[in-house]
Amino acid sequence: MGKATVAFCLLALCAVALAQEMWVTEMKFSAVSPTGSEDDMFTSTQAVAFNYNTGETKSWPSQDDFKFYYPSSECSEDCMDECSEDCEEADEPCAADKCDKQCADKCRDPTVGLKTLFRTGTADETEAGKMMGEVSDMSMASTLKCSGTDGYDCADASASNTGATYMNTNVRGTTFVPVASDTAGFKNFAFTSFDGKDKPSAVYLSQLSTILDDHDMALNGPDGPMMSKEVDVKGINGIVAPGKPANTPWCSVLIPESKTAMTRDVGAGSELFTTNTDLAWIQQYYGEQASDIASLSPYMWGYNVEMRVEDYEGMVGVFKRYGMGRLHWTSVSCAPDMMTCVGSGNGIVVAYVASDKMDLSKGRLFFGMWDGDSLEFKEFVTKYMVEGESSDTATLTCPYGQDCAAAMGSEISEDMVMAKAQDSSFGFSDMFEVGAAPADGVCADGFSFVKMSAGLVPADECLKVKAEMDTQEGRSIIARLETYRMAAMMGAAVNIEMVSGVVSSIDDDWKDGDDREEGLWFWSFKMITSELDKGEAFDENMCGCVYRSTRGSFKEADVDAGELLWDGDDLEMATLSSWMPKKFEKVTCGMADNAGVCDDDLVAYPMDISWSQYHNTLFIGEYMGGHDNARVWAFETPYNRDAEAAPSNGELKAIAIAPKGASAQGLMWHQNLVYNALSYLTVSFGMPRPMATGAMMSDKAGYQTYLGP
């Protein structure tokens, strides 16, 4: 990282302290109304800046008042009235369904109530005229080409597309990272991920302008010469299916890879693509470095990628966070303690607690186990055990004969994991011994059952860790490379399926070190299948639900130099994290009729979620297919005003509608965007495609839009 220092921020209330003159900024408010309606005013009285390099604080000039407006909900009604009047005045009567069709098209257009930041395929705002969504090879000098069978990403699936420039239209999300300088003022940068699933993927960095008179946003506005550019990811061997980018509380961006390779009975180099055909595009990505393909390992992808703006000109630092584990990640979010991150993938929930604040390169990894409707977390590799209950009889023991004074547990360096992940001579058979196929979920003695997981574990299996890897270090490495398998072998809950999003709520006054129970995690489940049968909270619902979970603490005996610490006859306990998800409760759910059709007035296939603390509002975006057009919802809650309020207390209202065939995804609430103190909600629409219920929108571009200010 060099001399650059990443500093504290709260959602988008800050900038990054990148050098001596770079400052963090946070808005302070004199009045906050919690309902989020058009009449609510949030008055900023002072912007307080803090330099993490020098420790100085100072006040920036006060900002203007601002409002957040929901888009008009009367589009359809007004349109129908106008259309009916036009029909009455026409010489010939209108067709019976003319107004229905006309208003459906108008009121479902992505520009109604939303403003477009960019669309894929535009070239006037990017470096060297490259179009937004193009994917470069490893050299960054050439773009990837269509094979003729790439479907909507290459206009049409036909041989005539062979050699045409590939275009990724799945805009997965955009999030902002503001920076500030004493000498140069403010800049707002935007990270955008393009998720290809089984197609080439990319991340772009743009400079954002919000200084226009009408407070609209634009890429690469009048105050900055930088053009949008593709982030160079060759240092991490490319990025596979980057998911929704999420801001960390220290002003970096965490992007989960939502696709990874199968590893059992899979060779290295080009052989890995024989099984993992959906990753075959990586061979084209290597381009002129094709000779390097021979050294590829299937363990190179499936991690969280952290990106940071490291100077005022937009230089990006890219880090693959191997220590957080390898999965088909569906979501990840970091808590305000700046150490705890929670994510999901392949039906499991994991928590990662960094050893140091704002540094994900080293930490401890946990998996969730059900206890009724609550999750309890267990560490993949036990650091130490305490036997006995009093100071006279208690002893400290460490597994595998490890000296407790030097016990590492699963706190393993990222470099150690990366070395194994990139070693094409190291693989599945070096970590596991495979037993006979399970009979009704039962394995032979000494072996543990692993339930199949689509795209990762093709069939149920029985495994045990090989003797040479059955050490603290060995198991810690396996937990990162084969996270799902190791969790399943240890009894993790593997039926937490269809989790699409997770985000934490943050108190205005939450301070580092607080052990209070305030603060929640929110979770979106695209659907609740019969597999997830954990009492009343998880009854089957094929239209999906949004949940909240309380948070709890993970505590362990305090140890110094291999010795237990005592407070009289009581063990001293150290709190590793107070942001572990606990009890799950329903917030809002969809409902299907007898024909399996989801109710229009309720959520359906909830996907990405984002929390606005000042509005006490949870924003919910839908995956395509639950409704004819996916929607964006606002669920206004009383939580921060009424601690005893039931989880489902609140008002749900639709605030935006996606183009037909597109998901409403990548939702990110940006509170008090630096410089103009306005707030925005970004919404992405990717991969518009045909559905049985009607034609898709006329073009196949992906859109990045926003609501606000």
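Residues numbered from 1 in each chain as written. Predicted model: local features only at pLDDT ≥ 70, side-chain atom pairs only at ≥ 80, totals over all residues. Heavy atoms only, no water.

Digging into the overall build of the protein chain
For the record, the criterion: Helix and strand definitions follow DSSP, with helices as H or I runs of at least four residues and strands as E runs of at least two, each counted in order from the N terminus. When a residue's accessible area, from a 1.4 Å probe over protein chains only, is under 20% of the maximum for its type it is buried; when over 50% it is exposed; and in between it is partly exposed. Residue contacts are defined here by distance: any two heavy atoms, one from each residue, within 4.5 Å place the two residues in contact. Using the Shrake-Rupley algorithm and a 1.4 Å probe, accessible areas are obtained, with residue cover drawn only from the displayed protein chains.
A count of helices and strands for the protein chain gives 8 helices and 39 strands. Within the protein chain, buried positions represent 56% of all 709 residues. Taking all contacts inside the protein chain whose residues are at least 6 apart in sequence as the whole, residues at least 24 apart take part in 62%. Accessible surface, the protein chain: about 27400 Å² in total, of which carbon and sulfur atoms supply 47%.

Some details on unusual backbone geometry
The phi angle at methionine 140 is positive, at roughly 65 degrees, despite the residue not being glycine. The partly exposed category is assigned to methionine 140, whose relative accessible area is 27%. The phi dihedral of aspartate 440 is positive, around 55 degrees, even though this residue is not glycine. Its location among the elements puts aspartate 440 in the loop between β22 (432-434) and β23 (448-450).

A closer look at the environment of tyrosine 312
Relative to the helices and strands, tyrosine 312 resides in the loop between β12 (304-309) and β13 (316-321). Sequence-wise, tyrosine 312 and valine 179 are 133 residues apart; in three dimensions their C-alpha atoms are separated by 7.1 Å.

Remarks on the packing of aromatic side chains
Cut-off, in case you're wondering: We call Phe, Tyr and Trp rings a pair once their centres come within 6.5 Å, taking the six-membered ring for Trp, and we label the pair stacked below 30 degrees between planes, edge-to-face above 60, and tilted otherwise.
Following the criterion strictly, the structure yields 20 aromatic pairs and no others. Between the aromatic rings of phenylalanine 366 and phenylalanine 554, the centroid separation amounts to 4.7 Å while the plane-to-plane angle is 65 degrees, which identifies the pairing as edge-to-face. On the criterion of sequence distance, the pair formed by phenylalanine 366 in strand β17 (residues 359-371) and phenylalanine 554 in strand β27 (residues 545-557) is long-range, its members being 188 residues apart. Residue classification places phenylalanine 554 among the buried residues on the basis of a relative accessible area of 17%. Judged by centre distance (5.7 Å) and plane angle (50 degrees), the ring pair of phenylalanine 538 and phenylalanine 584 falls under tilted.

Focus on the side chain of glutamate 482
Definition in use: Polar contacts here mean pairs of N or O atoms no more than 3.5 Å apart (in protein, one a potential hydrogen donor and the other a potential acceptor; neighbouring residues in sequence count only if both atoms are side-chain atoms).
Secondary-structure assignment places glutamate 482 in the loop between α7 (472-481) and α8 (483-489). Its relative accessible area of 2% is what places glutamate 482 among the buried residues. Looking at glutamate 482, its side chain comes within polar contact range of the side chain of arginine 485, at 3.0 Å. When sequence neighbours within four positions are dropped, the list of residues in contact with glutamate 482 reads Thr263, Tyr299, Arg326, Phe428, Met431 and Phe432.

Side note on α7
For α7, the buried fraction is high: 9 of the 10 residues fall into the buried class. All of the buried residues along α7 are Gln472, Gly474, Arg475, Ser476, Ile477, Ile478, Ala479, Arg480 and Leu481.

Some words on the sheet that holds β23
To keep it simple, the criterion reads: The criterion for strand pairing is that DSSP finds at least two bridges linking the strands in question. Between the N-to-C directions of two axes lies an angle of 0 to 180 degrees, each axis being a line fitted to C-alpha atoms and, for a helix, fitted only over the stretch in contact.
In space, the 3 strands of this open sheet follow the order β22-β24-β23, with antiparallel pairing throughout. In this open sheet, the two edge strands, each paired with only one partner strand, are β22 and β23. Averaged over all pairs of adjacent strands, the angle between strand axes in this sheet comes to 45 degrees, irrespective of strand direction. Sheet topology note: the β23/strand β24 (residues 461-465) ladder contains 3 bridges and is antiparallel. Looking across to β24, one finds that valine 450 is bridged to glutamate 461.

Topic: the sheet that holds β12
Sheets are built from strands paired through backbone hydrogen bonds, the pairs being either parallel or antiparallel. Taking strand neighbours across the sheet as the criterion, the 4 strands line up as β10-β11-β12-β13 in an open arrangement whose pairing is antiparallel. If you trace the sheet from one side to the other, it starts and ends with β10 (246-247) and β13, each paired once. In terms of strand pairing, strand β11 (residues 253-256) meets β12 through 4 bridges, oriented antiparallel. Residue leucine 254 lies in a different strand from β12, and its bridge partner there is glutamate 306.

Focus on the nonpolar core
Put simply, the test is: Within this scheme, the nonpolar core is defined by two criteria: the residues are buried Ala, Val, Leu, Ile, Met, Phe, Trp, Tyr or Cys, and they are joined through side-chain atoms within 4.5 Å.
Phe191, Ile282, Leu296 and Met307 are the most contacted members of the largest nonpolar core, which has 50 residues in total. A per-element tally of this core places strand β7 (residues 202-209) first, with 5 residues. Formed by 45 residues, the second largest nonpolar core is a distinct cluster that contains Leu327, Cys341, Val417 and Val465.

Re the state of the cysteines
For clarity, the threshold we go by: The rule for a disulfide is simple: a pair of cysteine sulfur atoms within 2.5 Å.
According to the stated counting rule, one finds 4 disulfides in the structure shown. Across the disulfide from cysteine 543 sits cysteine 598; the S-S distance is 2.1 Å. Handedness here is read from the sign of the S-S torsion; for cysteine 543 and cysteine 598, about -100 degrees, the answer is left-handed. Residue cysteine 543 is located in the loop between β26 (520-525) and β27, and its partner cysteine 598 is located in the loop between β32 (573-589) and β33 (606-612); the two are separated by 55 residues in the primary sequence. The burial state of cysteine 543 is the same as that of cysteine 598; both residues are buried.

Details of the confidence of the model for the protein chain
Detailed reading of the predicted model is not advised wherever pLDDT is low. In plain terms, the rule: Confidence scores labelled pLDDT are given residue by residue by the predictor and lie between 0 and 100.
Residues at a pLDDT of 70 or more form 72% of the protein chain, whose mean pLDDT is 77. Between residues 108-112, whose pLDDT stays under 50, and residues either more than four places distant or in other chains, the model counts 13 contacts. Below a pLDDT of 50 lies the segment residues 221-225, which in the model reaches 9 contacts outside its immediate sequence neighbourhood of four places, other chains included.

Description of the environment of methionine 338
Tracing the backbone shows methionine 338 in the loop between β14 (329-334) and β15 (340-345). A C-alpha to C-alpha distance of 5.5 Å links methionine 338 and methionine 358, two positions 20 residues apart in sequence.

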